[in-house]
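# Secondary and tertiary structure notes
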Number of protein chains: 2
Amino acid sequence: MTASIRIGELAARTGVSVRSLRYYEEQGLLTSLRSPSGHRRYLESQAERIVFIQRLFSAGLSSRTIVDLLPCVESPSADTSEAALERMRQERDRLDRHIEDLIRTRAVLDELIAANRAHRSQLARA
Amino acid sequence: MTASIRIGELAARTGVSVRSLRYYEEQGLLTSLRSPSGHRRYLESQAERIVFIQRLFSAGLSSRTIVDLLPCVESPSADTSEAALERMRQERDRLDRHIEDLIRTRAVLDELIAANRAHRSQLARA
DNA sequence: ACTGAACCTCACACGGACGTGAGGTAGGAA
DNA sequence: TTCCTACCTCACGTCCGTGTGAGGTTCAGT
């Protein structure tokens, strides 16, 4: 329960660079305690939060947007503002549209691959 | 059949900025003929190519990668190099993995939204 | 011929997540 | 104590698609 994980260790566990962890903190995505000498100390539980943040980044959310959502993630409790929840829904819908678009793009690529393959096998017979 | 579309018109048709069209040309994604005075002239058929390029950009491909793929798109014919086709398959697979990841992320968001909603309605009864 | 819009070529700015290096302190094993 | 590694804080660099402005030419309508 004591915050005992050092930044290097956390980076190793999550696969996120030390630089990025400091950046997340700077952006308000992550908090850390400090040892008397000023070194960051983390709780075990921070790891999953970081993985989640990574997930949101790769879904195209900005750090600013993630900050807005996090209250909703941390405490699905009383103080979860309606605004945060609405923001979450917005991002969910945006993501949904993006997925649909990517699926169409994938289909186009599949068609192109098929067309090339067809032409190729036609050549092979000639 | 004569290349008669001007860049502003093409931008309007495709929803891509004039700046971006020039950039695409600079990156080798697009070609243009020039009027005697040096103004770009495009074929009608360029429009769909541009839409496709946009599609690839939004799927996270870099202009460099797109350049590698385009031979495969333009002419699914003899000179379609095996390398280009292989590159296309790679990008298809990368996209596939990304879509899977996004779908998982969407599921997580859905869970969070549901959790918050549940808590909210619980409060309403109190 | 005049005028305003559209075009041209540089070329610098930006946003955002992260890399990287400088210059320095802390921690722990030999 | 020595020495190596991990940590700290600036702060500048990078990538890349795109915006933007300067300074100039061309086109089309009147």
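Below is a summary of the structure that appears in this document. (Residues numbered from 1 in each chain as written. Chains lettered and ligands numbered in written order. Predicted model: local features only at pLDDT ≥ 70, side-chain atom pairs only at ≥ 80, totals over all residues. Heavy atoms only, no water.)

## Quick notes on the overall build of chain A
Secondary structure assignment for chain A yields five helices and three strands. Each helix and strand of chain A, ordered N terminal to C terminal, gives the series β-α-α-β-β-α-α-α. Here the C-alpha atoms of chain A give a radius of gyration of 22 Å, more than 25% beyond the 14 Å that 2.2 N^0.38 yields for 126 residues. When its C-alpha atoms are laid out on the principal axes, chain A stretches across 75 × 35 × 20 Å. Within the span of chain A, comprising 126 residues, buried residues form 37% of the whole. Intrachain contacts of chain A at a sequence separation of at least 6 include 48% that bridge at least 24 residues. (Helix = DSSP H or I, 4+ residues; strand = E, 2+ residues; numbered from the N terminus. Rg over C-alpha atoms; globule rule 2.2 N^0.38 Å. Buried < 20%, exposed > 50% of the residue type's maximum accessible area, 1.4 Å probe, protein only. Contact = heavy atoms within 4.5 Å.)

## Considerations on the relation of the copies chain B and chain A
Of the two same-sequence chains, chain B is brought onto chain A (RMSD 0.1 Å, axial shift 0.0 Å) by a rotation of 180 degrees. The superposition of one copy onto the other is thereby described by a two-fold rotation axis. When each C-alpha of chain B is compared by its distance to the rotation axis, Ile99(B) comes out closest, at 3.2 Å. A share of 95% of the interface residues of chain B reappears at the interface of chain A, consistent with the copies meeting face to face through the same patch. (Least-squares fit on C-alpha atoms with pLDDT ≥ 70 in both.)

## Comments concerning the protein's contact with DNA strand D
Near DNA strand D there are 21 residues, and of these Gly8(A), Arg40(A), Ser17(B), Tyr23(B) and Ser37(B) occur at the shortest range. One of the side-chain nitrogen or oxygen atoms of Arg40(A) is found 2.2 Å away from a phosphate oxygen of DNA strand D. Separating a phosphate oxygen of DNA strand D from a side-chain N or O atom of Ser37(B) is a distance of 2.7 Å. For the surface near DNA strand D, the elements supplying multiple residues, two or more each, are helix 1 (7–14) and helix 2 (18–26) of chain A together with helix 2 (18–26) and helix 3 (46–58) of chain B. Each residue belonging to the surface near DNA strand D can be placed in one class, and the counts come to four nonpolar, ten polar and seven charged. (Near = heavy atom within 4 Å. Polar contact = N/O pair within 3.5 Å; in protein donor to acceptor, adjacent residues only side chain to side chain. Nonpolar A, V, L, I, M, F, W, Y, C, P; charged D, E, K, R; others polar.)

## Observations regarding the interface of chain B and chain A
Across the boundary between the two partners, chain B contributes 38 residues, which contact 36 residues of chain A. Summed over both sides, the interface between chain B and chain A buries roughly 3600 Å², with carbon and sulfur atoms accounting for 65% of that surface. Counting across the chain B and chain A interface gives six salt bridges. For Arg106(B), the salt bridge is made with Asp96(A), and the minimal N-O distance between the two is 2.4 Å. Put simply, chain B and chain A have twelve residue pairs in polar contact (both at pLDDT 80 or more) between them. Those elements that place two or more of their residues in the side of chain B that touches chain A are helix 3, helix 4 (63–74) and helix 5 (82–125) of chain B. Per-element tally for the side of chain B that touches chain A: the top contributor is helix 5 of chain B, with 25 residues. Tallied by class, residues from the side of chain B that touches chain A come to 18 nonpolar, nine polar and eleven charged. (Buried area = accessible area lost by both parts, 1.4 Å probe. Salt bridge = Lys/Arg side-chain N within 4 Å of Asp/Glu carboxyl O.)

## What about the sheet that holds strand 2 (residues 33–34) of chain A?
One open sheet accounts for three strands, arranged 1-3-2 (chain A); its pairing is antiparallel. Looking at which strands have only one partner, the edges of the open sheet turn out to be strand 1 (5–6) and strand 2 of chain A. (Pairing = 2+ DSSP bridges.)

## Observations regarding the layout of surface pockets
Rolling a probe over the atoms, with the probe sized like a water molecule, indicates the empty space that remains. Taken as a whole, the largest pocket encloses approximately 220 Å³ of empty space. Taken together, Ser45(B), Gln46(B), Glu48(B), Arg49(B), Val51(B), Phe52(B), Leu70(B), Val73(B) and Glu74(B) make up the lining of the largest pocket. The greatest single-element share of the lining of the largest pocket, amounting to five residues, is contributed by helix 3 of chain B. Here the residues of the lining of the largest pocket sort into four nonpolar, two polar and three charged. Each pocket or cavity is described by its volume, and for the second largest pocket that value is around 190 Å³. As for the second largest pocket, its lining consists of Ser45(A), Gln46(A), Glu48(A), Arg49(A), Phe52(A), Leu70(A), Val73(A) and Glu74(A). (1 Å grid on protein atoms, 1.4 Å probe; cavity = no way out; pocket = protein on both sides within 12 Å on 5 of 7 lines; lining within 4 Å. Points joined across faces, edges and corners; volume = space filled by probe spheres on them.)

## Re the pattern of salt bridges
Residues and elements named next belong to chain A. Enumeration over the complete set of coordinates arrives at 30 salt bridges over all chains. Between Glu 86 and Arg 89 there is a salt bridge whose closest N-O contact spans 2.8 Å. A residue pair is termed a helical-turn pair when its members lie 3 or 4 positions apart in one helix, as Glu 86 and Arg 89 do in helix 5 (residues 82–125) at three residues. Taking the relative accessible area as the measure of exposure, Glu 86 reaches 36% and is therefore partly exposed. For Arg 89, a relative accessible area of 30% puts it in the partly exposed group. If you follow the salt bridges from partner to partner, you end up with Arg 64, Asp 68, Arg 87, Glu 91 and Arg 94 in one network.

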